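Analysis of the macromolecular model
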Amino acid sequence: MDTVIKETILAIVTTDRERVIHSAAPVFYAGDEEERERVALLLSKVTLGMVHDLENGCLIIVKH
Amino acid sequence: MADYGRVLVSGLVLGSAGRLLLLRADYRQYPSFPRGYVTHLVLGIIAAALGAIAVPALAEKEYTAVTFLALAAQQFRDIRSMERDSLESVDSTELVPRGSDYIEDIAKTFEARNYIAMVTALSASLVVYLSDSIAAGVLAGAAVFAGIVYSLKGEKVGDMAEVVEAKIEFDGPLLMVDGVALMNIGHAKAREKYLTRAIAVRIIPKDDNARVTLGNVGQRQALVHNAATQLGIRKDVDEPEFTPIARRNTESGDIVMAIFSMEPDIECLIEAVKKTPVLESSKRKPLDSPAGRKASD
């Protein structure tokens with residue numbers, strides 16, 4: 001049986017460094033919104049996670 | 001020993017025919033493959049044989065033959081666990097899983113179908129033995145079969161709720177259907193797709209019984225699975241944002257559901273939802289209890 005960690009934040013993509021402090025999940029900084037969307041998309045394809053918007057400049061990738 | 005050939009054969013044939021009639025790929029889309037058919041047909045014939053043989057055995061005062069029926073019950077329980085195991089093992093590879101409640105319901109149905117084959121065979125052979133007329137046995141078997149099948153015909157979601165089209169909108173990244181938040185979708189493109197091509201329904205329960213039953217998580221998973229299999233789903237494993245979800249309006253008890261289907265036809269979605277069976281395990285009847293009745297006033 002496969003063991004999968006679910007409902008945890010796998011990665012954070014943000015345009016605002018101030019919004020993320022000491023994250024356990026890896027943080028990816030993006031220069032602008034377009035890059036942020038693109039990085040989040042690429043990460044979600046690799047992790048099979050889902051992209052969620054926190055509306056403060058951060059996107060998080062969560063495996064469900 | 002008297003000639004029990006007619007008794008045995010008529011029971012066996014009727015029981016097996018009954019199992020064959022019940023063996024069809026229905027809304028569950030299962031079993032839809034030849035090997036599944038063979039397994040269930042053979043087990044159904046065995047069940048019919050056990051039912052048919054009981055009458056001659058009892059007529060010959062071989063009372064130990066009754067233990068065979070107990071053996072049969074054990075055998076059919078194994079069928080239930082066989083179905084459960086096989087469906088559970090493939091559930092993780094479904095784009096929209098059935099969920100354990102639906103699987104249990106299907107497994108129970110398969111177990112029950114073998115009992116139906118056995119009882120049909122038993123009644124047919126009994127009547128042939130008593131009346132010495134095959135025609136009477138066939139009639140009795142058919143009547144018992146039809147009676148059981150009719151009484152086991154479960155409720156459908158359409159019987160206990162109204163299903164209407166619902167409106168999809170976004171509150172920031174939150175996908176909303178008729179004001180209920182379904183999920184947070186971060187991708188702008190995915191949001192665009194939902195707004196332009198997805199369809200949604202609202203399921204309005206008719207009474208308190210329906211409200212509790214439809215609130216069951218397993219029942220909701222069965223709903224989305226049925227909708228996704230029947231309409232086709234536009235989704236792959238790396239696109240979890242297109243997984244259909246049914247959420248509950250906690251104020252009214254209504255269920256809302258959005259789906260990004262291959263065929264964005266709202267009439268078909270409503271039809272698929274209405275035809276979804278009400279799972280035995282999710283069925284609740286609070287209105288049958290004094291407290292539940294009083295609370296609903």
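Residues numbered from 1 in each chain as written. Chains lettered and ligands numbered in written order. Predicted model: local features only at pLDDT ≥ 70, side-chain atom pairs only at ≥ 80, totals over all residues. Heavy atoms only, no water.

Focus: a positive patch on the surface
Defined as follows: Here a patch means residues that are over 30% exposed by relative accessible area and free of salt bridges, tied together within 9 Å if like-charged and within 5 Å if nonpolar (Val, Leu, Ile, Met, Phe, Trp, Tyr). For every accessible area listed, the method is Shrake-Rupley and the probe measures 1.4 Å; residues are considered covered only by the protein chains on display. A carboxyl oxygen of Asp or Glu within 4 Å of a side-chain nitrogen of Lys or Arg is what we treat as a salt bridge. Positive charge is attributed to Lys and Arg, negative charge to Asp and Glu, and no charge count is given to His or to the chain ends. Charged groups are reduced to one reference atom each: NZ for lysine, CZ for arginine, CG for aspartic acid, CD for glutamic acid. Segments assigned H or I by DSSP are reported as helices when at least four residues long, segments assigned E as strands when at least two residues long, and all are numbered from the N terminus.
On the surface, a cluster of positive charge is made up of A:Arg38, B:Lys189, B:Lys193 and B:Arg197. Considering every element that reaches the positive patch, the biggest residue donor is helix α7 (residues 188-197) of chain B, with three residues. For B:Lys189, the position within the fold is in helix α7.

Concerning the domain arrangement of chain B
All names here are of chain B. Quick note on the threshold: The domain limits used here are those given by an automatic or database domain assignment. Once two parts are put together, the accessible area they lose, assessed with a 1.4 Å probe and summed over both, is termed the buried area.
Examined at the domain level, chain B breaks down into domain 1 (5-153) and domain 2 (158-287). Centre-to-centre separation of domain 1 and domain 2, based on C-alpha positions: 35 Å. Interface area for domain 1 against domain 2, summed over the two sides, is near 1,400 Å², with a carbon-plus-sulfur share of 60%. Our enumeration of links across domain 1 and domain 2 arrives at one salt bridge.

Description of the pattern of salt bridges
A side chain with one charge can pair with a side chain of the opposite charge if their charged atoms come near. Residue and element names in this part refer to chain B. This is how it is decided: Each residue is assigned to one of three classes by its accessible area relative to the maximum for its type, calculated with a 1.4 Å probe on protein chains only: buried under 20%, partly exposed between the two thresholds, exposed over 50%.
Per the counting criterion, the structure on display carries 16 salt bridges over all chains. Here Arg80 and Glu111 are joined by a salt bridge, their closest N and O atoms 2.6 Å apart. Taken together, the positions of Arg80 in helix α3 (residues 66-91) and Glu111 in helix α4 (residues 100-131) put the pair 31 residues apart, joining distant regions of the chain. Classification of Arg80 by relative accessible area gives partly exposed; the value is 24%. A salt bridge links Lys167 to Glu169; its shortest N-O distance comes to 3.4 Å. Under the relative-accessibility criterion, Lys167 is labelled exposed at 52%. Shared partners join several salt bridges into a network, and the residues in it are Arg80, Arg84, Glu104 and Glu111.

Concerning the sheet that holds strand β4 (residues 180-184) of chain B
Residue and element names in this part refer to chain B. So the rule is basically this: The pairing criterion for strands is at least two bridges between them, as found by DSSP. Working convention: axes come from line fits to C-alpha atoms, limited for helices to the stretch in contact. Angles between N-to-C directions cover 0 to 180 degrees. In this description, contact between two residues means that some pair of their heavy atoms is separated by no more than 4.5 Å.
Spatially, three strands are ordered β2-β3-β4 in an open sheet, and the strand pairing comes out antiparallel. Bordering the open sheet on either side are β2 (168-171) and β4, each of which pairs with just one other strand. On average, each strand axis in the sheet is tilted by 35° relative to the strand beside it, whichever way the strands run. Pairing geometry for strand β3 (residues 174-177) and β4, over four bridges, is antiparallel. Residue Leu174 lies in a different strand from β4, and its bridge partner there is Asn184. Its contacts with the sheet place α7 against β2, β3 and β4, and it is angled at close to 150° to β2.

Thoughts on a nonpolar patch on the surface
Residues and elements named next belong to chain B. Among the surface-exposed residues, Leu8, Val9, Val13 and Ile53 lie close enough to one another that they form a single nonpolar patch of about 310 Å² accessible area. Examining the composition of the nonpolar patch, we find that three residues originate from one element, helix α1 (residues 5-22), more than from any other. By secondary structure assignment, the location of Ile53 is in helix α2 (residues 34-59). Classification of Ile53 by relative accessible area gives partly exposed; the value is 42%.

Some points on the interface of chain A and chain B
Our working definition: Counting of polar contacts relies on pairs of N or O atoms within 3.5 Å, with two restrictions inside protein: one atom must be capable of donating a hydrogen and the other of accepting it, and residues adjacent in sequence are counted only when both atoms are side-chain atoms.
Listed by partner, the interface residues are 13 residues for chain A and 14 residues for chain B. Of the roughly 1,100 Å² buried between chain A and chain B on both sides combined, carbon and sulfur atoms contribute 54%. The interface formed by chain A and chain B includes two salt bridges. Residue B:Asp238 pairs with A:Lys45 through a salt bridge whose shortest N-O separation is 3.5 Å. Counting across the interface, chain A meets chain B through four residue pairs in polar contact (both at pLDDT 80 or more). Going through the elements one at a time, α1 (33-47) and β3 (50-53) of chain A are the ones with two or more residues in the side of chain A that touches chain B.

Describing unusual backbone geometry
A negative phi angle characterises most non-glycine residues, just as the trans form characterises most peptide bonds. A positive phi angle is found at A:Leu48, which is not glycine, with a value near 60°. Of note, A:Leu48 is situated in the loop between α1 and β3.

Some points on the sheet that holds β3(A)
Residues and elements named next belong to chain A. Sheet architecture is open: four strands sit in the order β2-β1-β4-β3, paired in mixed fashion. Every other strand in the sheet has two partners, leaving β2 (27-29) and β3 as the edge strands with one partner each. Recorded for the sheet is a direction-independent mean angle of 25° between the axes of neighbouring strands. Here β3 runs beside strand β4 (residues 58-63); their pairing, made up of four bridges, is antiparallel. Pairing of Met50 across the sheet is with Val62, part of β4.

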